[in-house]
Amino acid sequence: MTPAELLHALARTRASLDGDEVTFWWTGDVYSWAPGEPYQRLFGFEGINVARLLAPADEPPGTYQLLTREAAFYLDPQTREILETWQDKPVIHVWNDPANQRWRPFPVPMTELGDQVCFSLEVPLAYPSPLPVADFPENSADDTYRALEMFQFFAPASVLTTDAPSVPSTMSWTRMSPWLPWMAQGRRPGGLTFHCRGRKLSSYAEVPERTRAYVAARHPEFAHAPEKWSEPNETSWTYFRKLASPPHR
C-alpha cells in the first residue's frame, strides 16, 4: 500500500472520514521508577479524547487535520476514585485543549494480525521545556522535555478495503516521561511510565458516567472536539505553567 492509502486506513481507524466526532476512552495505571528503588504503581489513569477529522481544501491531497480535546484523570490505585490530592499536594489533571495533529502521507507502520491489523506509532519527544529549572526548581528536572509515546491502534483487516468512513478500533498507549510538575520532585532521578488501553466508543454517551460528570462539572467543552484548527497544543507542562505561581527568580 502507498503511504497515502495507509494514512487513509489509519484515519478511519483513529477517527471518521466524514468529520463526525469520535470519542476514545482509555484506562490504565501510572508507575514510578527511580535508581535503586522498586517500581511502584502510583496512580490509576483514565481519560478521553474527542476528535474531529478534517481534510482542508487548501492543503495538499491526502492531508488531514485531527482536531481534539483530551482530558485524563489520576486515580487512587486501589479504589479508582479520582484524586484531588497526593502526598498533600493538589493533583492537576490533564486538560489539553487543543491536542491537534496535522497528518501528511507517510509510511504508517502496520502489522497484519489475521483478521486484524495494528497501526504502530512511536513518538519520541525532545524540545525546550516550558518549565525551565531555574524558574521552576521544584517542578522540573531538565531544561529539555524528553518523553516517549507509543501508540497501537487495532482495527478489523477490512479497514484496508472498506468504504466505511469509520471502523471499530481498540488501542494501547505507553508513555515514558519525567515526574509530573505538580508532584514537585525537583531534580530527583527517575520518572513515570503510563500503561493504558482503550477503545473507540460509538458516542460520547458511552464514557463512564463518573467521568462524564467530572468533565461536565469542570470543563464541559471537553465533551466535544474543536471546530477549527488552533495552535499551539496544550500539554501537562504548559497547563501547569499557566496555573503556577510567578516563577522563582
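Residues numbered from 1 in each chain as written. Predicted model: local features only at pLDDT ≥ 70, side-chain atom pairs only at ≥ 80, totals over all residues. Heavy atoms only, no water.

Turning our attention to the overall build of the protein. Scanning the protein from N- to C-terminus turns up 3 helices and 12 strands. Taking 2.2 N^0.38 as the reference for a compact globule, 249 residues should give roughly 18 Å; the C-alpha atoms of the protein span a radius of gyration of 19 Å, in line with that estimate. Along the first, second and third principal axes, the C-alpha set of the protein runs to 55 × 40 × 35 Å. Residue pairs at least 24 apart in sequence account for 68% of intrachain contacts in the protein once pairs closer than 6 positions are excluded. Carbon and sulfur atoms form 54% of the exposed surface of the protein, whose accessible area is close to 12400 Å². Positive and negative charge centroids in the protein, built from 23 and 30 side chains respectively, lie 3 Å apart. (Helix = DSSP H or I, 4+ residues; strand = E, 2+ residues; numbered from the N terminus. Rg over C-alpha atoms; globule rule 2.2 N^0.38 Å. Contact = heavy atoms within 4.5 Å. Areas by Shrake-Rupley, 256 points an atom, 1.4 Å probe, with all protein chains shown as cover. Lys, Arg positive; Asp, Glu negative; His and termini not counted. Charge placed at Lys NZ, Arg CZ, Asp CG, Glu CD.)

What follows deals with the nonpolar core. Membership of the largest hydrophobic core comes to 66 residues, with the highest contact counts inside it found for Phe43, Phe45, Tyr74, Trp182 and Met183. Beyond its immediate sequence surroundings of up to four residues, Met183 is in contact with Leu42, Phe43, Trp86, Lys89 and Leu192. (Core = buried A, V, L, I, M, F, W, Y, C linked by side-chain atoms within 4.5 Å. Buried < 20%, exposed > 50% of the residue type's maximum accessible area, 1.4 Å probe, protein only.)

This part takes up the side chain of Gln65. With respect to the element layout, Gln65 can be found in strand S3 (residues 64–75). You can call Gln65 buried: its relative accessible area is 8%. Side-chain polar atoms of Gln65 contact the side chain of Glu59, separated by 3.2 Å. Excluding its chain neighbours within four sequence positions, the residues that come into contact with Gln65 are Arg52, Leu53, Leu54, Pro56, Glu59, Gln101, Arg102 and Trp229. (Polar contact = N/O pair within 3.5 Å; in protein donor to acceptor, adjacent residues only side chain to side chain.)

What follows is about the environment of Glu227. Mapped onto the secondary structure, Glu227 falls in the loop between helix H2 (209–218) and helix H3 (236–243). Residues Glu227 and Val50, 177 residues apart in the sequence, show an inter-C-alpha distance of 11 Å. Once residues lying within four places of it in the same chain are set aside, the contact partners of Glu227 are Arg52, Leu54 and Leu67. Of the polar contacts made by the side chain of Glu227, one reaches the side chain of Arg52; its length is 3.5 Å.

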